[in-house]
Amino acid sequence: MAAEMVLSHRVPHKVLSEADLEEVAQRKPPAKPSLRGCLHKTRCSASTAKSLLFRFLPFLHWLPRYPVKDWLLGDIASGFSVGIMHLPQGLAYALLAGLPPVTGLYSSFYPVFLYFFFGTSRHNSVEVLVLTLDSLPTPCLSPGPFAVISVMIGSLTDSLMPSEKFLESVNINGTNVTMVNEEQRDAARVELVATITVLTGIFQVALGLLQFGFVVTYLSDPLVRGYTTAASVHVLVSQLKNVFGVSLNEHSGPLSLFMTFIEICQKLPGTNVGTLVTAIIAMVAIFIVKELNHKFAAKLPMPIPIELVTIIISTGISYGVNLNAKFGISVVGNIPSGLKPPVVPNVSYFGQVAGNAFAIAVVGYAICISLGKIFALKHGYKVDSNQELIALGLCNFLGGFFQCFAISCSMSRSLVQESTGGNSQVAGVIASLVILVTILKIGELFRDLPKAILAAIIIVNLKGMFKQFNDLRVLWKSNRVDLMVWIVTFVATLMLNLDIGLGASVVFGLLTVIFRTQLPHYSILGRIADTDVYRDVAEYQMAQEVPGVKIFCSSSTLYFANVELYAEALKKKSGINVDRLIEKKKKALKKLKKQQKKAEKEKAKRQKVLPRCRRPLWTPSLPQHAEDRVNGPGVAVIELSGAEDSAPPKPTLRTLGLPQPGFHTIILDFSPVNFVDTVSIKILKNIFRDFHEIEVDVFVASCPVPVLAQLEQGNFFSSAITKHCFFPSVHDAVIHISRKRHQASVSTQPRC
């Protein structure tokens, strides 16, 4: 097998080091940024202005080409269907955010309408494309209120504007009773949430303009799914009070979820039976019809709007029977009709809510872009993450002036918009018009709607979120690290609440990346016979090490956190204790130096004696016992000859009597390395130095050009380490070593 590994020199193969390659391929010098170049890129022109206008108002690109005959009917049907869903969900999610129901309707109208103008294209979250009827994908995303964002806002309103702040004494039948002034509380909460929404929009627009759309990449899919699952548990627990008809204290901060749940359990004996029965009946009805919608989706022209039907029927029954007065079932109350003028947010809240607003901005965008990527893969288009971030931010920023709360995209509404034939953002405009009619004329009719019905709608819609518990089984089989991220995110969000839990989850997710780069897989590569492919000898039976050559590879890049571990793993994989061998060599050299000094002293003494005896410069060699009598036993004396001034040969491991490594060359495979820093450059220099000390050559293979440039900037190269030690591939390095050893063996052969 070793014979098979000897590379044949019959096949011509021109081997080039990186130094040779730069000369042959004429590598261009790195371009240096100049002020003139930057000004040229940023200069204003008609084409640049037009491009920016189409980028920030994408509807100008696709609306003039809108095919009315082909798409209008589908968009109307889809918009009407989504608008019907917006009505109950808007009311329910406002309840979840701790706000008056009408704010949910506002949040279902303004952002959806604004998205028509600022959406990244006619089909929401995709880049601006040239429209053709044959190749356009179906629009998918439906912006509006979302349960996770609503519960994040609700936890913030409970902590900053608790009901205890608005207690006042009221005289009822001569008795002073302490009650919550709900009107003042709701007004204060609306002002707070509007400020949060504006600040959320500012963060999103700023991140989009700075091209920071990639920030969502730090929210991995397991992290997002674990977080939304935990948020769903928060949503569920927050709605139990409306299901059982009990009043609770408002808890906020870490462990607030558990304190709320414990209080619910303590107050179960005071359950309002009428409220519980109403909620159970509504949940069962909604669940059954939703399952039928899913099962017969292909046969139904549009899903049965069971949520709207439930709201209408329950409102009629509540009004006719007077459930609030007779059974104490809590109802929504007054829903004002009409639109309110814009209000400037209270900037004094910015300092208090900046962290929460940033968390809401990132989570809302992450959910929106995640859904966008799902539909993009399904329909074959790309998502422009930065433009989507700007569009979502503008909707939130402008919506905050009209008392809206932060929005994201909903999977259920997006699926309905997709399945009912929506073709463009015109469907979103139709949906917003449905909500507008409700706000202007119909909304006030829902004042007798039981809150238990809205709680039932919220809880049933959590079904899809709770299905994410199946991730545990899948991740257990596929990736244990992702499973840890999912579990830690879920537990941290439950324990620490939504804002702190998100921060802790992101930190843990980044730590897993750092730990994985610190603990990569190190391997010694071997050549697969008759190929130029090199694989881990521990994993491939047919991979055999090249005789005398160790090819070392790491699965990670090199930087300050792992480069020392890289050096240690290299020395361990080489099979010798490099540091100990270097130490032995230093001791042997020190001992040799002492012996040489002693010999020089003895020589100097003899030279003083010789002139007195008038001895000739050359004397025949004495027998060993005679030398011992003259020089003393055990002292080696180097006799001077005609080559007296020549330098003595450099000591080697063999001449020093030290063990020699079983290999003569190490090749470092740099194919996984994508950057180096100053610390890694320093350690790499030490690696070259240490192995040269034990007479082992070091070569680097497959080093990317950017990394090579970083090594140049870090003053890595010197007279001892040149680019002739770097090769484009492992196979090139092996061939170079083989030819070099072959030439050396030929030159040392005795000639006849």
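All values derive from a computational prediction rather than experimental measurement.

1. A short note on the overall build of the chain
Part 1 of the reasoning: Counting secondary structure elements, the chain contains 28 helices and 11 strands.
Part 2 of the reasoning: Considering only residue pairs separated by 6 or more positions, the chain has 81% of its internal contacts joining residues 24 or more positions apart.
Part 3 of the reasoning: Carbon and sulfur atoms make up 62% of the accessible area of the chain, which amounts to about 39400 Å² in all.

2. A few points about the packing of aromatic side chains
Part 1 of the reasoning: Per the counting criterion, the structure on display carries 23 aromatic pairs.
Part 2 of the reasoning: Here the aromatic rings of Phe552 and Tyr566 are separated by 5.2 Å at their centres, their planes lie at 70°, and the arrangement is edge-to-face. Residue Phe552 is found in strand 8 (residues 549–554), and its partner Tyr566 is found in helix 23 (residues 563–573); the two are separated by 14 residues along the sequence. Of the two residues, Phe552 and Tyr566, neither departs from the other in class, the shared state being buried.
Part 3 of the reasoning: Between the aromatic rings of Phe717 and Phe726, the centroid separation amounts to 5.3 Å while the plane-to-plane angle is 65°, which identifies the pairing as edge-to-face.
Part 4 of the reasoning: By way of ring pairs, the aromatic residues Tyr106, Phe109, Tyr110, Phe113, Phe116, Phe117 and Phe402 are connected into one cluster.
Part 5 of the reasoning: When the ring centre of Trp476 is taken as origin, the NZ or CZ atom of Arg480, which lies over that ring, is 3.7 Å away.
Part 6 of the reasoning: Directly above the ring of Phe717 sits Lys723, whose terminal nitrogen or CZ lies 5.8 Å from the centroid.

3. Quick word on the environment of Thr315
Part 1 of the reasoning: Mapping Thr315 onto the fold places it in helix 13 (residues 306–321).
Part 2 of the reasoning: With relative accessibility at 7%, the residue Thr315 sits in the buried group.
Part 3 of the reasoning: When the C-alpha atoms of Thr315 and Leu449 are compared, they prove to be 4.5 Å apart, with 134 residues separating the residues in sequence.

4. Describing unusual backbone geometry
Part 1 of the reasoning: Phi at Asn322 is positive, roughly 60°, even though this residue is not glycine.
Part 2 of the reasoning: As for its placement among the helices and strands, Asn322 is situated in the loop between helix 13 and helix 14 (323–327).
Part 3 of the reasoning: Since its relative accessible area comes to 39%, Asn322 is described here as partly exposed.
Part 4 of the reasoning: Backbone geometry places Glu695, a non-glycine residue, at a positive phi of 65°.
Part 5 of the reasoning: If you trace the backbone, Glu695 turns up in the loop between helix 26 (678–693) and strand 10 (697–701).
Part 6 of the reasoning: Taking relative accessible area as the criterion, Glu695 reaches 34% and is therefore assigned partly exposed.

5. Concerning the pairing of strand 10
Part 1 of the reasoning: Counting buried positions along strand 10 yields 4 of 5 residues, so the element is predominantly enclosed.
Part 2 of the reasoning: Across 5 bridges, strand 9 (residues 665–669) lies against strand 10 in parallel orientation. Each bridged residue has a counterpart across the sheet, and for Thr665 the counterpart in strand 10 is Asp697.
Part 3 of the reasoning: Sheet analysis places strand 10 next to strand 11 (residues 726–727), joined by 2 bridges and oriented parallel. By the bridge assignment, Val700 is partnered in strand 11 with Phe726.

6. Thoughts on the environment of Leu207
Part 1 of the reasoning: With respect to the secondary-structure elements, Leu207 resides in helix 9 (residues 182–209).
Part 2 of the reasoning: The class for Leu207 is buried, based on a relative accessible area of 14%.
Part 3 of the reasoning: For the pair Leu207 and Ile390, spaced 183 residues apart in the sequence, the C-alpha separation amounts to 7.8 Å.
Part 4 of the reasoning: Apart from the residues within four sequence positions on either side, Leu207 is in contact with Phe212, Gly213, Val215, Phe358, Asn386 and Leu389.

7. Quick notes on the pattern of salt bridges
Part 1 of the reasoning: Applying the stated criterion across every chain, the model contains 14 salt bridges.
Part 2 of the reasoning: Linking Glu307 and Lys290 is a salt bridge whose minimum nitrogen-to-oxygen distance equals 3.5 Å. Linking Glu307 in helix 13 with Lys290 in helix 12 (residues 273–295), this pair joins segments that are 17 residues apart in sequence.
Part 3 of the reasoning: Given a relative accessible area of 5%, Glu307 falls into the buried group.
Part 4 of the reasoning: Between Glu291 and Lys463 there is a salt bridge whose closest N-O contact spans 2.1 Å. Of the two residues, Glu291 sits in helix 12 while Lys463 sits in helix 20 (residues 463–466), which places them 172 residues apart along the sequence.

8. Quick notes on the nonpolar core
Part 1 of the reasoning: By size, the foremost hydrophobic cluster in this structure holds 98 residues, and its most contacted members are Val148 and Met152.
Part 2 of the reasoning: Here this core gets 12 residues from one element, more than from any other, and that element is helix 15 (residues 350–379).
Part 3 of the reasoning: Every residue in contact with Val148, bar those within four places of it in the chain, is listed here: Tyr227, Thr228, Ala231, Val363, Ile367 and Met465.
Part 4 of the reasoning: Phe688, Phe691, Phe727 and Val734 belong to the second-largest nonpolar core, a separate cluster that totals 56 residues.

9. Here we look at a nonpolar patch on the surface
Part 1 of the reasoning: Residues Ile280, Val284, Phe287, Ile288, Leu292, Phe296, Leu300 and Ile304 make up a contiguous nonpolar surface patch of roughly 640 Å² in combined accessible area.
Part 2 of the reasoning: Along the chain, the position of Phe287 falls in helix 12.

10. Focus on the packing of helix 12 against helix 19 (residues 451–461)
Part 1 of the reasoning: Packing of helix 12 against helix 19 leaves a shortest axis separation of 8 Å and a crossing angle of 40°. As summarised for this structure, helix 12 and helix 19 are arranged oblique, according to the angle between their axes. Considering how the two elements wind past one another, helix 12 and helix 19 form a crossing that is right-handed. On the side of helix 12, the interface is formed by Thr275, Thr278, Ala279, Ala282, Met283, Ile286, Phe287 and Lys290, while helix 19 contributes Ala452, Ile453, Ala456, Ile457, Ile459, Val460 and Asn461.
Part 2 of the reasoning: Considering only residue class, the contact of helix 12 with helix 19 consists of 11 nonpolar, 3 polar and 1 charged.

11. Let's talk about a positive patch on the surface
Part 1 of the reasoning: On the surface, a cluster of positive charge is made up of Lys593, Lys597, Lys601, Lys605 and Lys608.
Part 2 of the reasoning: Summarising the element assignment, Lys608 is placed in helix 24 (residues 578–613).

12. Brief notes about the confidence of the model for the chain
Part 1 of the reasoning: In this model, the chain carries an average pLDDT of 82, and 84% of its residues clear a pLDDT of 70 or more.
Part 2 of the reasoning: Ignoring residues within four places in sequence, the model shows residues 1–11, a span with pLDDT below 50, making 18 contacts including any to other chains.
Part 3 of the reasoning: When the criterion is pLDDT under 50, residues 121–139 qualifies, and its contacts beyond four places in sequence or with other chains add up to 68 contacts.

13. Examining the pairing of strand 5 (residues 522–528)
Part 1 of the reasoning: The element strand 5 is extensively covered by neighbouring structure, given that 7 of its 7 residues are classed as buried.
Part 2 of the reasoning: One ladder, built from 4 bridges, connects strand 5 with strand 8; its direction is antiparallel. Within the sheet, the bridge partner assigned to Leu525 lies in strand 8 and is Ile551.
Part 3 of the reasoning: Across 3 bridges, strand 5 lies against strand 6 (residues 534–536) in antiparallel orientation. Residue pairing across strands places Arg527 opposite Tyr534, the latter belonging to strand 6.
Part 4 of the reasoning: Linking strand 5 to strand 6, which pair antiparallel, is a turn of 5 residues; within it Asp530 sits at a positive phi near 65°.
Part 5 of the reasoning: One ladder, built from 2 bridges, connects strand 5 with strand 7 (residues 543–544); its direction is antiparallel. Bridge pairing in strand 7 links Ile528 to Ala543.

14. Things to note about the packing of helix 6 (residues 68–96) against helix 13
Part 1 of the reasoning: At a closest axis distance of 8 Å, the pairing of helix 6 and helix 13 adopts a crossing angle of 55°. Regarding the angle of helix 6 to helix 13, the classification is oblique. Between helix 6 and helix 13 lies a crossing of left-handed hand. Between helix 6 and helix 13, the contacting residues are Ile84, Met85, Leu87, Pro88 and Gln89 on the first element and Glu307, Leu308 and Ile311 on the second.

Conventions used here
- Starting afresh in each chain, residues are numbered from 1 along the sequence in its written order.
- The model is predicted, so local features are restricted to residues of pLDDT at least 70 and side-chain atom pairs to those at 80 or more, both for listing and for counting; the totals for chains, interfaces and linings are taken over all residues.
- Only hydrogens and water are set aside when side-chain values are computed; all heavy atoms of the structure are taken into account.
- Elements are defined by DSSP. Helices are runs of H or I of four residues or more, strands are runs of E of two residues or more, and each kind is numbered from the N terminus.
- Should any heavy atoms of two residues lie within 4.5 Å, those residues are counted as being in contact.
- Each accessible area is a Shrake-Rupley estimate made with a 1.4 Å probe; only the visible protein chains count as cover when residues are assessed.
- Geometry of aromatic contacts follows a simple scheme: Phe, Tyr and Trp rings, the Trp one being its six-membered ring, pair when their centres are within 6.5 Å, and the pair is stacked under 30 degrees between planes, edge-to-face over 60, tilted otherwise.
- With a 1.4 Å probe rolled over the protein chains alone, any residue whose accessible area is under 20% of its type maximum counts as buried; one over 50% counts as exposed, and the rest are partly exposed.
- The rule for a charge over a ring is simple: NZ of Lys or CZ of Arg within 6 Å of the ring centre, and within 35 degrees of the ring normal.
- Here a strand pair is declared whenever DSSP counts at least two bridges between the two strands.
- What counts as a salt bridge is simple: a side-chain nitrogen of Lys or Arg found within 4 Å of a carboxyl oxygen of Asp or Glu.
- Think of a nonpolar core as a cluster: buried Ala, Val, Leu, Ile, Met, Phe, Trp, Tyr and Cys residues, connected wherever their side-chain atoms sit within 4.5 Å.
- For patch detection, residues must exceed 30% relative accessible area and be free of salt bridges, and they are connected within 9 Å for like charges or within 5 Å for nonpolar side chains (Val, Leu, Ile, Met, Phe, Trp, Tyr).
- Every axis corresponds to a line fitted to the C-alpha atoms, with the helix fit spanning only the stretch in contact, and the corresponding angles, defined between N-to-C directions, vary from 0 to 180 degrees.
- To sort the angles, those under 35 degrees are grouped as roughly parallel, those over 145 as roughly antiparallel, those from 65 to 115 as roughly perpendicular, and the leftovers as oblique.
- By convention, the crossing between two helices is left-handed when the near helix turns anticlockwise from the far helix through less than a right angle, and right-handed when the turn is clockwise.
- Gly counts as polar in this scheme, as do all residues outside two lists: the nonpolar Ala, Val, Leu, Ile, Met, Phe, Trp, Tyr, Cys and Pro, and the charged Asp, Glu, Lys and Arg.
- Counting rule applied: Lys, Arg positive; Asp, Glu negative; His and chain ends not counted.
- Lysine's charge is taken at NZ, arginine's at CZ, aspartate's at CG and glutamate's at CD.
- The score called pLDDT rates the predictor's confidence residue by residue, from a low of 0 to a high of 100.

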